[in-house]
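This is what each chain is made of:
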Amino acid sequence: NFTENSFYELIANSSVKLLVKNYKTILENKPYNSASVEKKFEDNKIYYVFKAGNMKRFKPSKKDLMETFADKSSEIDIFWLKFLNTTALYKSMLN
């Protein structure tokens, strides 16, 4: 339901722009044997890459990074290994 008139937040501005669409949905839950419905808001984000005049949906994953920036595959491999190692280090520090 997003159109060209929708608002997108610009989070990286260079030759390739990274945009995010923030929106909320309402989740409804009716507990068993209850007359009332519980409602809560859920935050959602969809990322987009604007490159060479085209806007494409983008998932923050290694696969999408490699597809979007095929010419930077060796740099992405190095970044991804560092990212995974750092994430593992933080998780081990928290346990």
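Values in this document were obtained by computation on a predicted structure and should not be read as measured data.

Enquirer: Tell me what's going on with the pairing of strand β2 (residues 17-29), and back it up with residues and numbers.
Expert: Strand direction decides the pairing type here: strand β1 (residues 9-13) and β2, joined by four bridges, are antiparallel. Within the sheet, the bridge partner assigned to Ala-12 lies in β2 and is Leu-18. Connecting the antiparallel pair β1 and β2 is a turn made up of three residues. Sheet analysis places β2 next to strand β3 (residues 38-51), joined by 13 bridges and oriented antiparallel. Counterpart to Tyr-23 in the pairing with β3 is Asn-44.

Enquirer: Requested: an account of the pattern of salt bridges, with residues and values cited.
Expert: Applying the stated rule across the entire model yields four salt bridges. Among the salt bridges present, the one from Glu-67 reaches Lys-56, with a minimum N-O distance of 3.9 Å. With Glu-67 in helix α1 (residues 62-68) and Lys-56 in strand β4 (residues 54-58), this residue pair connects regions lying eleven residues apart in the sequence. Looking at Lys-56, the relative accessible area reads 42%, which means it is partly exposed.

Enquirer: Hey, could you go over the environment of Lys-24 for me, with residue numbers and the actual values?
Expert: Inspection of the secondary structure assignment puts Lys-24 in strand β2. Overall, the relative accessible area of 55% leaves Lys-24 in the exposed class. In sequence terms Lys-24 and Lys-40 are 16 residues apart; their C-alpha atoms lie 9.9 Å from each other. A distance of 2.3 Å separates a polar atom in the side chain of Lys-24 from a polar atom in the side chain of Asp-43.

Enquirer: Can you explain the environment of Lys-56? Please cite residues and give values.
Expert: Sequence separation of Lys-56 and Thr-68 is twelve residues, and the distance between their C-alpha atoms is 9.2 Å. Ignoring any residue separated from it by four or fewer positions in sequence, one finds Lys-56 in contact with Tyr-47, Tyr-48, Val-49, Glu-67 and Thr-68.

Thresholds, definitions, all that
Residues numbered from 1 in each chain as written. Predicted model: local features only at pLDDT ≥ 70, side-chain atom pairs only at ≥ 80, totals over all residues. Heavy atoms only, no water. Pairing = 2+ DSSP bridges. Helix = DSSP H or I, 4+ residues; strand = E, 2+ residues; numbered from the N terminus. Salt bridge = Lys/Arg side-chain N within 4 Å of Asp/Glu carboxyl O. Buried < 20%, exposed > 50% of the residue type's maximum accessible area, 1.4 Å probe, protein only. Polar contact = N/O pair within 3.5 Å; in protein donor to acceptor, adjacent residues only side chain to side chain. Contact = heavy atoms within 4.5 Å.

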